[in-house]
Amino acid sequence: MALAPTPNIVVLVSGNGSNLQALLDAEDRLGGSIVGVVANRADAGGLTRAERAGVATAVVAAQPGEERRAYDARLADTVARFRPHLIVLAGWMRLLTGEFLDRFPGAVINLHPALPGDYPGLDAIARAYDDARDGLRDHTGVMVHFVPDEGVDDGPVIATATVPIGPDDTLDDVTANVHRAEHRLLTDTVRTLCAQLIPSEQ
Ligand code: GRF
């Protein structure tokens, strides 16, 4: 009996790639195949993780003076070669324009280390930590959301998890707790999405 086809997952990374690693480690339970990892930097640690796991990689580095839309068109061409059903931004540090997003409607998701509406952009964990030290909050969180347009860390929310910030926590403690929560939430969310994708793709 032929095995049922599973969704193709492409992961976009810019750096360390610990979230990519969480997906690779869980691949036999994801209900999808990680068919490619694309980075915008040749020194992204995520590339080494992918190579170690035997996953195909590609680097699409911006050329000096290249316009965002031109870059995104090249990026989309590279990603499209993997025939993705799901594109995961896991520590992808470039804003994507419609030039990319309109090529993969409903298929791009992003992971952000804060709850919806909180701390869009860079340094979300440190900003939450500073607010906690100022007595303004006692938790932060993580979210996975769809990326329909150029909004920054914004878009229909798929899943969230709350991360407490205790009075004695250091920034390193909170950072480690947020990353742990991210690894779990991203893996669970990708698994849920893959299960929903299969019927419509067969
Ligand atoms: C994560 O905190 C992710 O939410 C943010 O960048 C970080 C990437 O970490 N966008 P890693 O590269 O997956 O280790």
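The structure presented is a predicted model; accordingly, all values stated were derived computationally and were not measured. (Residues numbered from 1 in each chain as written. Predicted model: local features only at pLDDT ≥ 70, side-chain atom pairs only at ≥ 80, totals over all residues. Heavy atoms only, no water.)

Draft legend 1. Focus on the overall build of the chain. In terms of helices and strands, the chain carries seven helices and seven strands. Listing the helices and strands of the chain from first to last along the sequence gives β-α-α-β-α-β-α-β-α-β-α-β-β-α. Computed over C-alpha atoms, the radius of gyration of the chain comes to 17 Å, within 12% of the 17 Å expected from 2.2 N^0.38 for 202 residues, which places it in the range of a compact globule. Along the longest, intermediate and shortest principal axes, the C-alpha atoms of the chain span 55 × 50 × 30 Å. (Helix = DSSP H or I, 4+ residues; strand = E, 2+ residues; numbered from the N terminus. Rg over C-alpha atoms; globule rule 2.2 N^0.38 Å.)

Draft legend 2. Representation of the site of the ligand. Near the ligand you find Asn16, Gly17, Ser18, Asn19, Gly91, Leu111, His112, Pro113, His179 and Glu182, and these make up its full shell. One of the side-chain N or O atoms of Ser18 is found 2.6 Å from an oxygen atom in the ligand. Measuring from an oxygen atom of the ligand, one finds a backbone N or O atom of Leu111 at 3.5 Å. Here the ligand occupies the largest pocket. Mapped by element, the contributors of at least two residues to the shell around the ligand are helix 1 (18–25), strand 5 (108–112) and helix 7 (171–201). (Near = heavy atom within 4 Å. Polar contact = N/O pair within 3.5 Å; in protein donor to acceptor, adjacent residues only side chain to side chain. 1 Å grid on protein atoms, 1.4 Å probe; cavity = no way out; pocket = protein on both sides within 12 Å on 5 of 7 lines; lining within 4 Å. Sits in = over half its atoms within 2 Å of the grid points.)

Draft legend 3. Geometry of the sheet that holds strand 4 (residues 86–89). One open sheet holds the seven strands; their spatial order is 3-2-1-4-5-6-7, and the pairing between them is mixed. The open sheet is flanked by strand 3 (57–59) and strand 7 (157–164), the only strands paired with a single partner. Mean inter-strand twist for the sheet, computed between neighbouring axes without regard to direction, equals 20°. Here strand 5 runs beside strand 6 (residues 139–146); their pairing, made up of four bridges, is antiparallel. (Pairing = 2+ DSSP bridges. Axes fitted to C-alpha atoms, helices over the stretch in contact; angles between N-to-C directions.)

Draft legend 4. The arrangement of the environment of Asn40 in detail. With respect to the helices, strands and loops of the structure, Asn40 is situated in the loop between strand 2 (33–39) and helix 3 (45–52). Along the backbone, Asn40 and Val59 are 19 residues apart, and their C-alpha atoms lie at a distance of 5.6 Å. Sequence-distant contacts of Asn40, defined by excluding residues within four places in its chain, comprise Val13, Ser14, Val59, Val60, Ala61, Tyr71, Trp92 and Arg94. Polar contacts involving the side chain of Asn40 include one to the side chain of Ser14, which spans 2.9 Å. (Contact = heavy atoms within 4.5 Å.)

Draft legend 5. Structural context of the pattern of salt bridges. Going through the model one piece at a time under the given rule, you end up with eight salt bridges. A salt bridge links Arg29 to Asp28; the shortest N-O distance between them is 3.7 Å. Exposure remark for Arg29: the relative accessible area of 48% places this residue in the partly exposed category. Arg74 serves as the salt-bridge partner of Glu66, at 2.8 Å between the closest nitrogen and oxygen. For Arg74, a relative accessible area of 29% gives the class partly exposed. One salt-bridge network, held together by shared partners, links Arg69, Glu99 and Glu150. (Salt bridge = Lys/Arg side-chain N within 4 Å of Asp/Glu carboxyl O. Buried < 20%, exposed > 50% of the residue type's maximum accessible area, 1.4 Å probe, protein only.)

Draft legend 6. Just the pairing of strand 5, in detail. Summarising burial for strand 5: five of the five residues are buried, a large majority. Burial of strand 5 is two-sided: the residues Val108, Asn110 and His112 facing one way and the residues Ile109 and Leu111 facing the other way are all buried. Across three bridges, the pairing between strand 4 and strand 5 is parallel. Directly across from Val88, in strand 5, lies its bridge partner Ile109.

Draft legend 7. Just the packing of helix 1 against helix 3, in detail. Running from amino to carboxyl end, helix 1 crosses helix 3 at an angle of 15°, the nearest separation of the two axes being 9 Å. With respect to helix 3, the element helix 1 is oriented roughly parallel. The hand of the helix 1/helix 3 crossing is right-handed. Here Ser18, Leu20, Gln21 and Leu24 of helix 1 come into contact with helix 3, specifically with Gly46, Arg49, Ala50 and Arg52. Taken together, the residues that form the contact of helix 1 with helix 3 break down as three nonpolar, three polar and two charged. (Parallel < 35°, antiparallel > 145°, perpendicular 65-115°, else oblique. Left-handed = near helix turned anticlockwise from the far one by under 90°. Nonpolar A, V, L, I, M, F, W, Y, C, P; charged D, E, K, R; others polar.)

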